[in-house]
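# Topology and contacts: notes
Chain residues, written in single-letter form:
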Amino acid sequence: MTTRTMGEPIARREDPRLVAGDGRFLDDLGPEALAAAFVRSPHAAARVVDVDVSRALEVDGLVAIYTYEDLEGPVAEPLPLLIPHPRLHAPRTGYPLANGVVRHVGEPVAMVVARDRYLAEDACERIAVTYEPLAPVVGLDAAVAAERTVHDDVADNVAARMVQEHGDARAAVAAAPHRLELDLAIERSASMPMEGRGVYARWDAADRSLRVYSSTQTSTSVRFALAVKLGVPVDRVEVVAPDVGGGFGVKIVHPWPEEVLVPWAAIRLGREVKWAEDRREHFVAAAHERGQRHHVSVGFDDEGRLLGLDVEFLHDNGAYTPYGIIVPIITATQLLGPYKPGAYRVEFRSLYTNTVIVTPYRGAGRPQAAFAMERTMDAIAAYLGRDRAEVRAANFIQPDEMPYDHHLTFQDGRPLIYDSGDYPATLDKVKKLVGWDEFPAFRSGARAAGRRVGIGLACYVEGTGVGPYEGAHVRVETNGTVVVATGLTTQGQGHETAFAQVAAETLGVPVERVTVVTGDTRRFKYAVGTFASRAAVMSGNAVALAAGKVRAKALRIAAEALEADPGDLELAEGAVRVRGAPEREIALETVAVLANPLRYAFDDQTRLATQFVVGRGVEAPPVDEDDEPGLEATDFYSPLRSTFANGMHAVVVETDPETAEVRILRYCVVHDCGTLINPRIVEGQIHGGVAQGVGGALYERIVYDENGQLLNASFMDFLMPYASEVPKIETDHLETPSPLNPLGIKGAGEAGTIAASAVLAAAISDAEGFFVDRMPISPSDLWALRERHARKEEG
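Before going into details, it helps to say that this report is about the structure given with it.

## Let's talk about the overall build of the chain
- On a plain count of helices and strands, the chain comes out with 20 helices and 29 strands.
- What you see for the chain is a C-alpha radius of gyration of 28 Å, in line with the 28 Å of a compact globule of 795 residues.
- Across its three principal directions, the C-alpha atoms of the chain cover 100 × 75 × 50 Å.
- Sequence separation of 24 or more characterises 80% of the internal contacts of the chain that already satisfy a separation of 6 or more.

Set out below in structure tokens:
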């Protein structure tokens, strides 16, 4: 038996339950609950003139209809601005139900509660809403022109403007021996978790308590938000995240209108109420991301070294800004990747449009950042006629320069200081993995056979493990099992396995004895949430700290029982033993029994801890003043600042000369997330991220027409990659532990997504011989690019 688990690629413990269909997702709960459905705006911009519910009242099984006029108190106020920022000078958030104006298609106007969802939908169809349509603002050009406004009191449609600068970037660019100007764009897209959002609420009128189940990435914050909005004391509110079928960032937003209204209705009606989002609702009423346009001015020397970098970009934040300006701030600061930019200036404007709100989606501004920076590196290499890898290497921050201070402010308000990384070593690994130096020979052979192939390379650095804190509670039961509880939610990342490994390693018990509970405020009340590649860093270290406390207590209690010095003891294989004297040991479950002095006995184990069996002498209390009964402990981890993971992607593609289809021949990733808890889980995260990145680069886009109507709001039109389009992903790891946390961990959740658009654009450009400056790229897009460049060559 071994209790060494850190770094071991053990199989995910949660998977058998999930693949067997034994998961319990939101819509599996509350089968007898009343069902909610919503009337949503068909207009991108309109005044709500009248809501006529008279025909809906005829529906048998109807329970209630609510419009804005029915709301009162905090529920009638705008939804909260979750992350205020001084540069967000014109923040606006929506109401749970439209208050006289709708600002995007899909905004909720009325809520219906009925005996079941079918009846609720029937009633929705009978509600006649009279609108006065307004001219919408759609797209960044219209937002910048500001001939029309999304909000009457924001005349220029600008929600935020922010500048960060270190050095005089514009002067450095102007004085550089070589200069380039680039315009680079990433289109709007959206995450598509298998399970949409959903809420199920139960109100206990006698107990004056509320229990809410939500498919969320932050159950603890939903709890506090609902307490404020609904006027229920927070200790009477419980929020539970059951199994969550994917989050990808969209479920970190809270409280959604539905997340407020469903519990509110449950309280008013004294009945259980449930709402589960359908797919069209997810397209038009959840959140999108990615849409940004960047203008890059760069100055460099003969070796390709950056001397000055000046970036301006526009960010489309949609109709409201509930999540603040986190996404463009991340782009602005993560654009630098592993490079020393010389002088750097970045400016963005975040603009309102009459479209669905924009909030973080896996990668959260970094895919745009990597695309802008890596395409710039490729352009410099092409301009100088130098190898693309050499130009990157010339600009790397070196290992002996860590920690490296960019003199900028990151998304968490903390300094942008990289903690660790060896970028030259990562480059060496990825070049060897993909066969960078051997590719020219492969290309020659392919050309001889009439094939077009290209290779691309892209680098990234990802700020992970943002604060402010996470916590954990660890308890050893009297049967020797260990229960770990965190407030963090899980959406399939493997927390039940990874956190169990951390606890098992610290306590010296087999991982099979450890059970992990997440996302339940009844079990752990204080947490921030699962997002930004932070779970392993934050909760992993919190579990280690709490388990460390338990370990120390176990050694102290065992020392008394064994009449030994705690310093002479070790905890391994589920027992505390005297080093060098293995016959003197005490099982951990017995230590757990001794940790709880009892008056009453219930079984053989508890009989060992009763007052006539054990005792510390009549001169000492059974429990010391500074101690507590039980072999358990709580601790929190709060970092000084973020950790910074890094990685590099390399891709070989083939483009079809006739159909312009892009086929990925090789996809290689080298990633450094510090200490690996479980390499299998990290590789799974990378594989999933690459699949999502490939989708965003080659298939997925959100398309609005000039009226603000979403043209592809179904899986019939929104093209996602099948397994057949996702390549085999070859991975390698580098471990440069972070000095900022006890376990040396950096995050890994978004690594696969960040560089995908950049590296595929580079490889396609290499295959085709012209520069790709916007993504995603479809066969039709590539065909049009070929035609355009052919016309240029013809003069």
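## Concerning helix α6 (residues 257-269)
- With 13 residues, α6 should reach 18 Å at 1.5 Å per residue; the first-to-last C-alpha distance of 18 Å fits that figure.
- Within α6, 10 of the 13 residues are buried, which leaves it mostly tucked inside the rest of the structure.
- Buried within α6 we find Pro257, Glu258, Glu259, Val260, Leu261, Val262, Pro263, Trp264, Ala265 and Ala266.
- One or two positions beyond α6, positive phi appears at Gly270, with a value near 65 degrees.

## Thoughts on the pattern of salt bridges
- Per the stated rule, a full pass over the model turns up 56 salt bridges.
- Notably, a salt bridge pairs Glu312 with Arg170, separated by 2.7 Å at the nearest N-O pair. With Glu312 in strand β14 (residues 306-318) and Arg170 in helix α4 (residues 169-175), this pair connects stretches of sequence that are 142 residues apart.
- Classification of Glu312 as partly exposed rests on a relative accessible area of 33%.
- Here Arg522 and Asp520 are joined by a salt bridge, their closest N and O atoms 2.7 Å apart.
- Put simply, Arg40, Arg117, Glu121, Arg197, Glu258, Glu277, Asp278 and Glu281 are held in one network by salt bridges that share partners.

## Side note on the nonpolar core
- Counting residues in hydrophobic clusters, the biggest one holds 137 residues, and the most contacted among them are Leu309, Tyr418, Val653, Tyr667, Leu698, Leu760 and Met775.
- For this core, the element with the highest residue contribution is helix α9 (residues 366-384), accounting for nine residues.
- Setting aside residues no more than four positions away along its own chain, Leu309 makes contact with Ala169, Val173, Val296, Ser297, Val298, Leu335, Leu336, Pro341, Ala343, Tyr344, Arg345 and Met373.
- With 49 residues, the next largest nonpolar core counts Ala472, Val514, Leu569 and Ala592 among its residues.

## Regarding the sheet that holds strand β24 (residues 581-587)
- Spatially, β22-β23-β24 is the arrangement adopted by the three strands of the open sheet, whose pairing is antiparallel. Both edges of this open sheet fall to β22 (569-572) and β24, since each of them pairs with a single strand only. Direction aside, the axes of adjacent strands within the sheet are offset by 30 degrees on average.
- Across the face of the sheet, helix α14 (residues 535-562) comes into contact with β22, β23 (575-578) and β24 while running at roughly 125 degrees to β22.

## Points about a nonpolar patch on the surface
- A surface patch of nonpolar side chains, amounting to about 290 Å² of accessible area, comprises Phe224, Tyr526 and Phe636.
- Structurally, the position occupied by Phe636 is in strand β25 (residues 632-637).
- With relative accessibility at 36%, the residue Phe636 sits in the partly exposed group.

## A short note on the sheet that holds strand β18 (residues 452-464)
- Spatially, β18-β26-β27-β28 is the arrangement adopted by the four strands of the open sheet, whose pairing is mixed. Of all strands in the sheet, those with a lone pairing partner are β18 and β28 (729-733), marking the two edges. The mean angle between the axes of side-by-side strands here comes to 15 degrees, regardless of whether they run parallel or antiparallel.
- Helix α17 (residues 679-698) contacts β26 (643-655), β27 (662-672) and β28 of the sheet and is inclined by roughly 130 degrees relative to β28.
- Contacting β18, β26 and β27, helix α19 (residues 756-768) crosses the sheet at an angle of about 160 degrees to β18.

## Quick notes on the state of the cysteines
- Taken as a whole and assessed by the stated rule, the structure comprises zero disulfides.
- With no disulfide of its own, Cys668 has Cys459 as its nearest cysteine by sulfur position, at a separation of 14 Å.

## A short note on the side chain of His294
- Among the structural elements, His294 can be located in strand β13 (residues 292-300).
- Note on His294: relative accessible area 2%, which makes it buried.

## Describing empty space enclosed by the protein
- Counting across every chain of the model gives four cavities of 30 Å³ or more.
- Here the largest cavity is characterised by a volume of approximately 240 Å³.
- Residue lining of the largest cavity: 21 residues in total, with Leu79, Trp256, Pro257, Tyr320 and Ile357 positioned closest to the centre.
- Its residues assigned to classes, the lining of the largest cavity comprises 14 nonpolar, five polar and two charged.
- Of the pockets and cavities examined, the second largest cavity occupies roughly 120 Å³.
- Around the second largest cavity, the lining comprises 14 residues; the ones closest to its centre are Ile186, Arg290, Gly696, Ala697 and Ser757.
- No other element matches the four residues that α17 contributes to the lining of the second largest cavity.
- Taken together, the residues of the lining of the second largest cavity sort by class into five nonpolar, six polar and three charged.

## Thoughts on the packing of helix α8 (residues 326-334) against α9
- In the contact formed by α8 and α9, the axes pass within 8 Å of each other and the chain directions differ by 30 degrees. Judged on the interaxial angle alone, α9 and α8 are roughly parallel. Relative to α9, α8 is oriented so that their crossing is right-handed. Side by side, α8 and α9 meet where Val327, Ile330, Thr331 and Gln334 of the first sit next to Arg366, Gln368 and Ala369 of the second.

## Some thoughts on the environment of Arg680
- Examined against the element boundaries, Arg680 turns out to sit in helix α17.
- As for Arg680 and Arg12, which are separated by 668 residues in sequence, their C-alpha atoms are 8.4 Å apart.
- What Arg680 contacts, discounting residues up to four positions off in sequence, is Pro9, Ile10 and Ala11.
- At a separation of 2.8 Å, a polar atom in the side chain of Arg680 contacts the main-chain carbonyl oxygen of Pro9.

## Concerning the side chain of Arg197
- Its location among the elements puts Arg197 in the loop between β8 (178-186) and β9 (198-204).
- In this structure the side chain of Arg197 is engaged in a polar contact, spanning 2.9 Å, whose partner is the side chain of Glu258.
- Of note is the side chain of Arg197, whose polar atom sits 3.3 Å from the backbone oxygen of Ala285.
- Apart from residues lying up to four places away in sequence, Arg197 is in contact with Ser215, Lys251, Trp256, Glu258, Trp275, Ala276, Glu277, Glu281, Ala285 and Ala286.

Rules used in this analysis
- Residues numbered from 1 in each chain as written.
- Predicted model: local features only at pLDDT ≥ 70, side-chain atom pairs only at ≥ 80, totals over all residues.
- Heavy atoms only, no water.
- Helix = DSSP H or I, 4+ residues; strand = E, 2+ residues; numbered from the N terminus.
- Rg over C-alpha atoms; globule rule 2.2 N^0.38 Å.
- Contact = heavy atoms within 4.5 Å.
- Expected span 1.5 Å × (residues − 1).
- Buried < 20%, exposed > 50% of the residue type's maximum accessible area, 1.4 Å probe, protein only.
- Salt bridge = Lys/Arg side-chain N within 4 Å of Asp/Glu carboxyl O.
- Core = buried A, V, L, I, M, F, W, Y, C linked by side-chain atoms within 4.5 Å.
- Pairing = 2+ DSSP bridges.
- Axes fitted to C-alpha atoms, helices over the stretch in contact; angles between N-to-C directions.
- Patch = residues over 30% accessible without salt bridge, like charges linked within 9 Å, V, L, I, M, F, W, Y side chains within 5 Å.
- Areas by Shrake-Rupley, 256 points an atom, 1.4 Å probe, with all protein chains shown as cover.
- Disulfide = S-S within 2.5 Å.
- 1 Å grid on protein atoms, 1.4 Å probe; cavity = no way out; pocket = protein on both sides within 12 Å on 5 of 7 lines; lining within 4 Å.
- Points joined across faces, edges and corners; volume = space filled by probe spheres on them.
- Nonpolar A, V, L, I, M, F, W, Y, C, P; charged D, E, K, R; others polar.
- Parallel < 35°, antiparallel > 145°, perpendicular 65-115°, else oblique.
- Left-handed = near helix turned anticlockwise from the far one by under 90°.
- Polar contact = N/O pair within 3.5 Å; in protein donor to acceptor, adjacent residues only side chain to side chain.

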